[in-house]
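Structural overview for review
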Amino acid sequence: MNIIKRLQHAIKNLRSTNKSQSIALNNLYKFLGIEPDLDERVLADATYFACMKVLCESIGKLPLKLLKYNEKNGVETARKHPLYSLLHDRPNPYMTSTSFWSTVECNRNHYGNAYVWIQGAGRHMKLWILPSEDVEVWWDDAKILADQPDLYYLYSGGGKLYRFGSEEILHFKSSNTLDGIVGISVQDQLKSTIQGGVKSQNMLNKMYNNGFTAKTVLNYTGSLNDANVNELVRMVEAYGKGELSNEGIENVIPIPVGFSLNPLNIKLADNQFIETKQYTALQIASAFGIKPYQIGDYTKSSYASAEAQQLSFYVDTLLYIIKQYEDEISYKLLSPHEFNDGYHFKFNVSVILRADLATQIDTLSKGVAGFIYTPNEARAMLDLEAKEGGDKLLGNGASIPVELAGTQYIKDATNQTNEGGGKNNA
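Structure report, in brief. (Residues numbered from 1 in each chain as written. Predicted model: local features only at pLDDT ≥ 70, side-chain atom pairs only at ≥ 80, totals over all residues. Heavy atoms only, no water.)

Within the protein chain, the secondary structure is distributed over 14 helices and eleven strands. Sequence-distant contacts in the protein chain: of pairs separated by 6 or more residues, those separated by 24 or more amount to 59%. Carbon and sulfur atoms make up 54% of the accessible area of the protein chain, which totals about 27500 Å². (Helix = DSSP H or I, 4+ residues; strand = E, 2+ residues; numbered from the N terminus. Contact = heavy atoms within 4.5 Å. Areas by Shrake-Rupley, 256 points an atom, 1.4 Å probe, with all protein chains shown as cover.)

Quick look at the structure:
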């Protein structure tokens, strides 16, 4: 208990120090004219948000099933297992499986790590997502927290510190990790790139607010006191931004005699603003493993069909993520006895690789004719009811077992020899 209190005190002091440092930095930013809150909102970047959306929805739409290898070396769905409905339907009373896995993937990408607390066991098990920013990972090789060295997760919430062992937490990390324990987020890797994208969008927003009127230099002769100068500048800006449109004044800026306005024009084309913004978007998408067409860039799209696009996205991006989920869930939620009996969790990726109806029917027809599917299995893939007599394998009657291949030629050669010998004897 004393160790936990010391940890709480140390973490509290560390956070209070960081908080005071953040306040001091924010005051410095404001003094320099920098808006730190806007600069660090990475989710405000359209490309970053689009990449997060694609990955989160892709994982959320995949049904997670509990399967088991049977005695015939086949795979069957273990619907009667207590963990099947937990993972497939509702991990906890407040979240569906779709929203749950989408949230986990969102945390994994945004923070580099996602943590899920395993509460209870068997039919009473529930899964709860822990805020990633409130969890710290400790390797207790000095045996401070327990008698055995292990990986521990310290969660700070509600003014309390909770300690979880490695077997109590599902830990999903990004593919970018230097120690294999804690992942590195994309926003940390591309911090300058993402912040540059946010700042470019803020610049565009300001230009829209100013009616695309650039900064100007006001030339005048004589002297004006500060109050008159401020009033003159305020009125010129009001006319330039169109703030007097309610009074019917939109495109005219009145200037007193002896005054002139020299605009400091900023041309986006001359600064290659559009090209730079597009290159930044491609850099962010590449870090996420997102294809350019998925963020609306079709300039270099070379895929012949939507099916080929989805297959490329699955192989190049989703396959690693899905395998990590399956490995972690199967290892942490299944007992060694169940694992040895052939139980394993697997995402159904056919929902994103599903072809058009004509291609599906053609593929299933060939599968039935080739003794791969029974008619009822093929009908189930099309969400059709089973029919009587459809549980038998059917196929082309000309097919023969591989061990009998070529026997027909041996038989024909024997018959020809016998017929030839009979004629000679005659």
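On to the environment of proline 82, then. As for its position among the elements, proline 82 is in helix H4 (residues 82-88). Sequence spacing of proline 82 and histidine 124 is 42 residues, and the spatial spacing of their C-alpha atoms is 8.7 Å.

Quick look at the sheet that holds strand E5 (residues 135-139) now. Overall, antiparallel pairing links the three strands, which are arranged E5-E6-E7 in an open sheet. Of all strands in the sheet, those with a lone pairing partner are E5 and strand E7 (160-165), marking the two edges. Neighbour-to-neighbour, the strand axes of the sheet open up by a mean angle of 25°, direction not taken into account. Taken together, the six bridges between strand E6 (residues 151-157) and E7 define a ladder with antiparallel strand orientation. Paired with tyrosine 153 across the two strands is phenylalanine 164, which belongs to E7. (Pairing = 2+ DSSP bridges. Axes fitted to C-alpha atoms, helices over the stretch in contact; angles between N-to-C directions.)

Reading across the sheet, the three strands line up as E4-E3-E8 and stay open at both edges, with antiparallel pairing between neighbours. The sheet is open, and its two borders are formed by strand E4 (126-130) and strand E8 (169-173), each paired with just one other strand. Taken pair by pair, the neighbouring strands of this sheet meet at an average axis angle of 25°, ignoring direction. Here strand E3 (residues 113-119) pairs with E4 via five bridges, running antiparallel.

The next subject is helix H3 (residues 46-60). Taking 1.5 Å of rise per residue, 15 residues should cover 21 Å, and H3 covers 21 Å from first to last C-alpha, within 8% of that figure. When we look at burial in H3, the residues that qualify are Thr47, Tyr48, Cys51, Met52, Val54, Leu55, Cys56, Ser58, Ile59 and Gly60. (Expected span 1.5 Å × (residues − 1). Buried < 20%, exposed > 50% of the residue type's maximum accessible area, 1.4 Å probe, protein only.)

Here we come to the packing of H3 against helix H5 (residues 97-111). Contact geometry for H3 and H5: axes closest at 8 Å, N-to-C directions at 140°. Regarding the angle of H3 to H5, the classification is oblique. In this structure, the crossing between H3 and H5 has a hand that is right-handed. Note on element contacts: H5 touches H3 through Thr98, Trp101, Ser102, Glu105, Cys106, Asn109 and His110, opposite Tyr48, Met52, Leu55, Cys56, Ile59 and Gly60. Looking at side-chain class alone, the contact of H3 with H5 contains seven nonpolar, five polar and one charged residues. (Parallel < 35°, antiparallel > 145°, perpendicular 65-115°, else oblique. Left-handed = near helix turned anticlockwise from the far one by under 90°. Nonpolar A, V, L, I, M, F, W, Y, C, P; charged D, E, K, R; others polar.)

Let's shift gears to the side chain of serine 132. By secondary structure assignment, the location of serine 132 is in the loop between E4 and E5. There is a polar contact of 3.4 Å between the side chain of serine 132 and the side chain of asparagine 107. Ignoring any residue separated from it by four or fewer positions in sequence, one finds serine 132 in contact with Asn107, Tyr111, Asn113, Ala114 and Tyr115. (Polar contact = N/O pair within 3.5 Å; in protein donor to acceptor, adjacent residues only side chain to side chain.)

Looking at soluble globular proteins, one finds that nonpolar side chains tend to be buried together. Judged by nonpolar contacts, the single largest core of 46 residues is most densely connected at Leu87, Trp101 and Leu127. If you tally residues by element for this core, the top one is helix H10 (residues 306-333), at eight residues. Residue contacts for tryptophan 101: discarding those within four places in its chain leaves Ile59, Leu64, Leu87, Phe172, Tyr325 and Ile329. (Core = buried A, V, L, I, M, F, W, Y, C linked by side-chain atoms within 4.5 Å.)

Taken as a whole and assessed by the stated rule, the structure comprises zero disulfides. This cysteine, cysteine 56, is not joined by any disulfide, and cysteine 106 carries the nearest cysteine sulfur, 4.2 Å off. Judged by its relative accessible area of 9%, cysteine 56 falls in the buried class. Note on cysteine 106: relative accessible area 31%, which makes it partly exposed. (Disulfide = S-S within 2.5 Å.)

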